[in-house]
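Examining the three-dimensional arrangement
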Amino acid sequence: MKGSTNQLAYVSNPTNESGRQQETPLDKLTSSKILICDDDSFSIMAVKGLLTQFGLENDTASSGEYAISLIKQRLESCLEDGSDGPGMYKLIVMDYSMPGMDGPTTIASIRKMLDAYRQKGKVGEVRICLLTAYASKDFKTQSISNLVDEFLNKPLLKPQLQQQLIKAKLFE
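What counts and how
Residues numbered from 1 in each chain as written. Predicted model: local features only at pLDDT ≥ 70, side-chain atom pairs only at ≥ 80, totals over all residues. Heavy atoms only, no water. Pairing = 2+ DSSP bridges. Helix = DSSP H or I, 4+ residues; strand = E, 2+ residues; numbered from the N terminus. Axes fitted to C-alpha atoms, helices over the stretch in contact; angles between N-to-C directions. Contact = heavy atoms within 4.5 Å. Salt bridge = Lys/Arg side-chain N within 4 Å of Asp/Glu carboxyl O. Buried < 20%, exposed > 50% of the residue type's maximum accessible area, 1.4 Å probe, protein only. Polar contact = N/O pair within 3.5 Å; in protein donor to acceptor, adjacent residues only side chain to side chain. Core = buried A, V, L, I, M, F, W, Y, C linked by side-chain atoms within 4.5 Å. Expected span 1.5 Å × (residues − 1).

What follows covers the sheet that holds strand 4 (residues 127-132). In space, the five strands of this open sheet follow the order 2-1-3-4-5, with parallel pairing throughout. Each edge of the sheet is formed by a strand with only one pairing partner; in this case those strands are strand 2 (58-61) and strand 5 (150-153). On average, each strand axis in the sheet is inclined to that of its neighbour by 20°, with strand direction left out of account. Here five bridges tie strand 3 (residues 89-95) to strand 4, and the two strands are oriented parallel to one another. Bridged to M94 within strand 4 is L130. Those strands touched by helix 4 (residues 103-119) are strand 3 and strand 4, and its axis lies near 155° from that of strand 3.

Structure follows, in structure tokens:
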């Protein structure tokens, strides 16, 4: 178990063209929220532990149905106050395989909800990443690649998550 914990806490900065380490301004994080959806409590704790290192708040859901209810609550709140505000999720990390409503089905429902609210001009961009142990190229092309912004491999490493935080504009 210790080996997997060390792997999850692996720290590495991306390199630039010259091969030098790039320093990401971690002190420039916004207060935007992240949603982690996974039926495995260990996976949730691992991702949450990495997010804590970045000083980010997050919510968790152990099922697709509950994730949808949390997102719906946020979207309705945005509709009431007239903005996507700091309370709207900017990044959703979704497990692929869950009992009941699986990741792909949940993501399709989330995208449909987001599109409906976006037409009302009440929600900004929400990045959705699918967390999976299936890393093959065939899996990615046969899956729901048109609905997913990024496929992330388990175990999730800090550099992978950091790149998604940057892409989700959680760094100012």
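Considering all chains together, one arrives at seven salt bridges under this definition. Across the pair R74 and D59 runs a salt bridge, and its minimum N-O distance is 2.6 Å. On the criterion of sequence distance, the pair formed by R74 in helix 3 (residues 64-81) and D59 in strand 2 is long-range, its members being 15 residues apart. Classification of R74 as buried rests on a relative accessible area of 16%.

Another aspect to go through is the side chain of R111. Mapped onto the elements of the fold, R111 is located in helix 4. Of the residues examined, R111 reaches a relative accessible area of 15% and is grouped as buried. From its side chain, R111 meets the backbone oxygen of L147 in a polar contact 2.9 Å long.

Bringing the nonpolar core into the picture now. Counting 26 residues, the largest nonpolar core has L35, I71, L75, I92, M94 and I110 as the members making the most contacts within it. At the level of secondary structure, the elements contributing two or more residues to this core comprise strand 1 (33-37), helix 3, strand 3, helix 4 and strand 4. Of the residues forming this core, the biggest block, six residues, is contributed by helix 3. Each residue touching M94, except ones within four places of it in the same chain, is listed here: C37, A67, G103, T106, I107, I110, C129, L130 and L131. Counting 18 residues, the second largest nonpolar core, distinct from the first, contains L51, L56, L156 and L161.

Bringing the pairing of strand 4 into the picture now. With six of six residues buried, strand 4 is to be regarded as a mostly interior element. Neither face of strand 4 is left uncovered, since the one carrying R127, C129 and L131 and the one carrying I128, L130 and T132 both have all their residues buried. Where strand 4 and strand 5 come together, four bridges link them in parallel fashion. Directly across from L131, in strand 5, lies its bridge partner L152.

This next bit is on helix 4. Taking 1.5 Å of rise per residue, the 17 residues of helix 4 would be expected to cover 24 Å, and the 24 Å separating its terminal C-alpha atoms lies within 8% of that figure. Inspection of helix 4 places G103, P104, T106, I107, I110, R111, M113, L114 and Y117 among the buried residues, and these make up the whole buried set. One or two residues past the end of helix 4 sits G121, with phi positive at roughly 70°.

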